[in-house]
Amino acid sequence: MIQTLLLAFSLSTDAFAASIAKGARFPNLSWPRRVSIACGFGALEALAPLIGYILGIQFAAAIDDYDHWIAFGLLGALGLRMIWKSFHPDGEDEQASAAPSLAAVIVTAMGTSVDATVVGVTLALFSNNIPLTLGAIGLVTFGMTLLGLRLGGAIGARTGEWAEFFGGLGLIAIGANILVTHLGR
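Residues numbered from 1 in each chain as written. Predicted model: local features only at pLDDT ≥ 70, side-chain atom pairs only at ≥ 80, totals over all residues. Heavy atoms only, no water.

Novice: When you look at the overall build of the protein in this model, what are you seeing that I'm missing?
Specialist: From N to C terminus, the protein includes seven helices and zero strands. Listing each helix as α and each strand as β along the protein from the N terminus yields α-α-α-α-α-α-α. Expressed as a percentage of the 185 residues in the protein, the buried residues total 47%. Considering only residue pairs separated by 6 or more positions, the protein has 94% of its internal contacts joining residues 24 or more positions apart. (Helix = DSSP H or I, 4+ residues; strand = E, 2+ residues; numbered from the N terminus. Buried < 20%, exposed > 50% of the residue type's maximum accessible area, 1.4 Å probe, protein only. Contact = heavy atoms within 4.5 Å.)

Novice: Which parts of the structure should I look at to understand the nonpolar core?
Specialist: Nonpolar side chains in soluble globular proteins tend to be buried together. With 23 residues, the main nonpolar core has L7, L11, L75, V119 and L171 as its most contacted residues. Breaking this core down by element, the ones donating at least two residues are α1 (2-25), α3 (67-87), α5 (102-126), α6 (130-155) and α7 (158-183). Take this core: its biggest share by element is six residues, from α6. Counting eight residues, the second-largest nonpolar core is a separate cluster that includes A18, L29, F41 and A109. (Core = buried A, V, L, I, M, F, W, Y, C linked by side-chain atoms within 4.5 Å.)

Novice: What's the story with the packing of aromatic side chains in this structure? I'm lost.
Specialist: A ring pair, where both rings are aromatic, is described by two values, the distance of the centres and the angle of the planes. According to the stated counting rule, one finds one aromatic pair in the structure shown. Each ring, one from W69 and one from F72, has its centre 6.4 Å from the other, and the planes form 85°; the classification is edge-to-face. Taken together, the residues W69 and F72, both in helix α3 and three residues apart, mark about one turn of the helix. (Phe/Tyr/Trp six-rings, centres within 6.5 Å; stacked < 30°, edge-to-face > 60°.)

Novice: Honestly, the side chain of T141 in this entry has me stumped. Any pointers?
Specialist: Within the secondary structure, T141 is located in helix α6. Among the residues examined, T141 registers a relative accessible area of 0% and is labelled buried. T141 has contacts with S12, A15, F41, G42 and E45, leaving out every residue within four places of it along the chain.

Novice: Would you mind showing me how to read the packing of α1 against α6 here?
Specialist: Relative orientation and spacing of two packed helices are given, respectively, by the angle between their axes and the distance between those axes. Following both chains from N to C, one finds α1 and α6 inclined at 30°, their axes separated by 7 Å at the closest point. Comparing their axes, α6 and α1 come out roughly parallel. Along this stretch, α1 crosses α6, giving a crossing that reads as right-handed. Within the contact of α1 with α6, the residues separate by chemical class into 14 nonpolar, ten polar and one charged. (Axes fitted to C-alpha atoms, helices over the stretch in contact; angles between N-to-C directions. Parallel < 35°, antiparallel > 145°, perpendicular 65-115°, else oblique. Left-handed = near helix turned anticlockwise from the far one by under 90°. Nonpolar A, V, L, I, M, F, W, Y, C, P; charged D, E, K, R; others polar.)

Novice: Can you walk me through the side chain of T4 in this structure?
Specialist: Summarising the element assignment, T4 is placed in helix α1. Excluding residues within four positions of it along the chain, T4 makes contact with T133 and A136.

Novice: I keep staring at a nonpolar patch on the surface and nothing clicks. Help me out?
Specialist: Where nonpolar side chains cluster on the molecular surface, the patch consists of M1, L5, F9 and L132 and spans about 370 Å² of accessible area. Relative to the elements of secondary structure, L5 occurs in helix α1. Given the relative accessible area of 34%, L5 is considered partly exposed. (Patch = residues over 30% accessible without salt bridge, like charges linked within 9 Å, V, L, I, M, F, W, Y side chains within 5 Å. Areas by Shrake-Rupley, 256 points an atom, 1.4 Å probe, with all protein chains shown as cover. Salt bridge = Lys/Arg side-chain N within 4 Å of Asp/Glu carboxyl O.)

Novice: Explanation requested: α6 in the structure shown.
Specialist: An α-helical turn contains 3.6 residues, so any two residues separated by three or four positions project in the same direction. Along its 26 residues, α6 runs 35 Å from first to last C-alpha, staying within 8% of the 38 Å computed at 1.5 Å per residue. Considering bend angle alone, the principal kink of α6 is centred on L149 and spans about 30°. Its side-chain oxygen at 3.3 Å from the backbone nitrogen of L132, N129 defines the N-terminal cap of α6. (Expected span 1.5 Å × (residues − 1). Bend = angle between axes of the 7 residues up to and from the residue. Polar contact = N/O pair within 3.5 Å; in protein donor to acceptor, adjacent residues only side chain to side chain.)

Printed below as a string of structure tokens:
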């Protein structure tokens, strides 16, 4: 359960960073608008690993002998990418959140969910309770997005970059845990 929560928080950091940027740009968003944005982020962040999971179960049996190395490599690479992005912003969030429209929210939410699709592949290899995992990812992302939108105007976008940094560390830690646990058997 701790690993599931760590995974959910790690995956939600992209959404948190994007919502801080949106909150900083639009500090007076209404409460219903914040909730609708958080619902969109949470739903897409939960659906993305399901897509990866469905793809992953197709070849899980074929790679059973080295699946732990694949999970470690994928999660480690994603974690390193998140850490790198935290110090090298590419302007993606600014461009996607130029207006608080539904289209901008969907594009931003989809962009932050791409990594979750890859993580879904590793869920097919190691998770035994997919509904719980997907539910946790969706709920944590919903909460983190609401928090980010609220805090954005008060604390600014730099905090979101640090959240992404720590999210990357979390993904690396999960990958290392999978590797160590599997090699220890």
